[in-house]
Amino acid sequence: MTKSEAHLPALRALILDDQVDLGEGAREVATAICERHAGAVRGLVFYGSAMRQGEVADKMYDFYVIVDQYKSVYGSGLKRFGSWLLPPGVHYMQITGANGKRLRSKYSIVSEKAFHRRARGGAFESMLWARFAQPSVVLSDDADVRAELLDTLALACAHFADEIRPLLSGPVTPSSPWVRGLSESYRTELRPERPDARAAEIVARFEPRYRRLSEILFATELETPPKPGRVRAFLCQMKWILRRIVGKPMGALRVMKAAATFDAGLDYILEKVESHSGVRLQVTDEERRRPLFHAPSLAWRLYRAGAFR
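(A) Expanded view of the sheet that holds strand S2 (residues 60-67). The 5 strands are arranged S3-S4-S2-S1-S5 in an open sheet whose pairing can be described as mixed. The open sheet has two edge strands with one neighbour each: strand S3 (89-96) and strand S5 (137-139). Averaged over all pairs of adjacent strands, the angle between their axes in this sheet comes to 25°, without regard to strand direction. In this sheet, strand S4 (residues 102-111) lies alongside S2 in parallel orientation, the contact comprising 8 bridges. Counted as the bridge partner of isoleucine 66 is valine 110 from S4. Helix H6 (residues 112-122) rests against strand S1 (41-47), S2 and S4 of the sheet, and its axis sits at about 85° to S4. Sheet strands touched by helix H8 (residues 143-164): S1, S2 and S5. Its angle to S5, the strand with the most contacts, is close to 155°.

(B) Region of interest: the pairing of S2. Counting buried residues along S2, 8 of its 8 residues qualify, which places the element largely inside the surrounding structure. Because side chains alternate across S2, one face comprises the buried residues Met60, Asp62, Tyr64 and Ile66, and the other comprises Tyr61, Phe63, Val65 and Val67, equally buried. For S1 and S2, the ladder comprises 6 bridges, and the chain directions are antiparallel. Along S2, the bridge assignment pairs valine 41 with valine 67.

(C) Quick peek at a nonpolar patch on the surface. A cluster of nonpolar side chains, Phe124, Val231, Phe234, Leu235, Met238, Ile241, Leu242, Ile245 and Val246, forms an exposed patch at the surface whose accessible area comes to about 800 Å². Considering the arrangement of structural elements, one finds phenylalanine 124 in the loop between H6 and helix H7 (127-131). Judged by relative accessible area, phenylalanine 124 falls into the partly exposed class, the value being 35%.

(D) The arrangement of the pattern of salt bridges in detail. Under the criterion given, the structure shown has 16 salt bridges. Arginine 118 serves as the salt-bridge partner of glutamate 125, at 4.0 Å between the closest nitrogen and oxygen. Across the salt bridge formed by arginine 244 and glutamate 184, the nearest N and O atoms sit 3.2 Å from each other. Highlighted residues: arginine 244 in helix H13 (residues 230-258) and glutamate 184 in helix H9 (residues 176-186), separated in sequence by 60 residues. Residue class for arginine 244 comes out partly exposed when judged on its relative accessible area of 28%. For glutamate 184, a relative accessible area of 3% corresponds to the buried category.

(E) Quick look at the packing of H8 against helix H11 (residues 207-217). The geometry of H8 relative to H11 is characterised by a closest axis approach of 11 Å and an angle of 70° between their N-to-C directions. Here H8 lies roughly perpendicular to H11, going by the angle between them. Of the residues in H11, those in contact with Cys157, Ala158 and Ala161 of H8 are Arg209, Leu213 and Leu217. A breakdown of the residues in the contact of H8 with H11 according to their chemical character gives 5 nonpolar, no polar and 1 charged.

(F) Structural view of the side chain of serine 185. Along the chain, the position of serine 185 falls in helix H9. Judged by relative accessible area, serine 185 falls into the buried class, the value being 2%. For serine 185, the contacting residues outside a window of four places in its chain are Ser126, Ala130 and Trp240.

(G) Summary view of the pairing of S4. Counting buried positions along S4 gives 9 out of 10 residues, so the element sits mostly inside the fold. Adjacent in sequence and paired antiparallel, S3 and S4 are bridged by 5 residues, among which glycine 100 carries a positive phi angle near 85°.

(H) Geometry of the environment of arginine 301. Its place among the elements puts arginine 301 in helix H16 (residues 291-304). Accessibility expressed as a relative area gives 30% for arginine 301, which makes it partly exposed. Taking the C-alpha atoms as reference points, arginine 301 and leucine 281, separated by 20 residues in sequence, lie 8.1 Å from one another.

(I) Structural context of the side chain of histidine 116. Here histidine 116 is to be found in helix H6. Those residues in contact with histidine 116 that lie beyond four places of it in its chain are Glu148, Leu149 and Thr152.

(J) Inspection of H11 at higher detail. Along H11, the residues that are buried comprise Arg209, Tyr210, Leu213, Ser214, Ile216 and Leu217. One face of H11 carries all of its buried residues, which in axial projection span an arc of 160°.

(K) Representation of the nonpolar core within the structure. If you look at the biggest cluster of nonpolar residues, it comprises 70 residues, and the most contacted ones within it are Phe46, Phe63, Tyr64, Phe115, Phe132, Trp178 and Leu217. Beyond its immediate sequence surroundings of up to four residues, phenylalanine 115 is in contact with Val45, Tyr64, Ile66, Val110, Arg120, Leu128, Phe132, Leu149, Thr152 and Leu153.

Scoring rules and cut-offs
Along each chain, residues carry numbers from 1 onward, in the same order as the chain's sequence is written. For a predicted model such as this one, the threshold for reporting local features is a pLDDT of at least 70, and the threshold for listing and counting side-chain atom pairs is 80 or more; totals across whole chains, interfaces and linings nevertheless cover every residue. Side-chain calculation: all heavy atoms of the structure are included, whereas hydrogens and water are not. Two strands make a pair as long as DSSP finds a minimum of two bridges between them. In DSSP terms, a helix is any run of H or I states spanning at least four residues, a strand is any run of E spanning at least two, and both are numbered starting from the N terminus. Here, axes are lines fitted to C-alpha atoms. For helices the fit covers the stretch in contact, and angles between N-to-C directions go from 0 to 180 degrees. Should any heavy atoms of two residues lie within 4.5 Å, those residues are counted as being in contact. A 1.4 Å probe rolled over the protein chains alone gives each residue an accessible area, and that area as a share of the maximum for its type sets the label: buried under 20%, exposed over 50%, partly exposed in between. Each patch is built from residues that are more than 30% exposed by relative accessible area and take part in no salt bridge. Like charges join if they lie within 9 Å; nonpolar side chains (Val, Leu, Ile, Met, Phe, Trp, Tyr) join within 5 Å. For the area figures, the Shrake-Rupley method with a 1.4 Å probe applies, and any residue is considered shielded solely by the protein chains shown. Note on definitions: salt bridges are taken to be side-chain nitrogens of Lys or Arg within 4 Å of carboxyl oxygens of Asp or Glu. Here roughly perpendicular refers to angles of 65 to 115 degrees, roughly parallel to angles under 35, roughly antiparallel to angles over 145, and oblique to all remaining angles. As a working rule, the residues Ala, Val, Leu, Ile, Met, Phe, Trp, Tyr, Cys and Pro are called nonpolar, Asp, Glu, Lys and Arg charged, and the rest polar, with Gly in that last group. The arc in question is the one spanned by the directions pointing from the helix axis to the C-beta atoms. In these notes, a set of buried Ala, Val, Leu, Ile, Met, Phe, Trp, Tyr and Cys residues joined through side-chain atoms within 4.5 Å is what counts as a nonpolar core.

In structure tokens form, the structure reads like this:
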């Protein structure tokens, strides 16, 4: 039995505690996504700030949509190949809720096989296994599919802990491994906010949860301050540096790929940048019509304005 398998029952119980009822808006959006891709959806994973903060006016709902195979959504062609080569495929949905409120969603489509493999640690990039070591809610009408998705979220926590453990030295608090880990992960992505501050905010919001995670996965380190293993720490830090080198260009490629599927993508990206950095960029109708063509100049203007760190 591996260490991850030994921890699985306790981690599964913790992930089950994360499962909460969706608010009305999130339920309506989830239903609309399933209807749009009828017959292909195996399950959904609800995550992000709308999940963490609850129903907030005009908040974007973030979902990972787990499908049986890309062909069921995209048919044959470049979109299917692009999603297989560089998952996930990112889409946008806007509906009017039952109460007349505008509901918006950014959702990512990934095959069931790819999601389980990558989120359990099969991907070098931290994008999935670090994201889903955070609280999220699994939706599926199939009990077996739901159980496997819950196990994948549990194993994402275990893999994330393994990828940060060599960097720990001296006294370890229940929150410090997760703040350090999320900070390292955010530095591998194109994000406008400060990684350390964002990581600390998320961990503080769910402090009891992360304390319990540390009791499960960092029990030894909490009891006895770890001694720095210089070689292991160096190799681990090199992996995270390489993730930064690889992750940012990969993120840029995913943004370019999303231009083919994400309606209103430019306005969403600019709104997201403004909410995190305070930088507002005025764009022309031409830039909205051809965001990919104008991407280099837009990125440079955002960088000059201090939007990215």
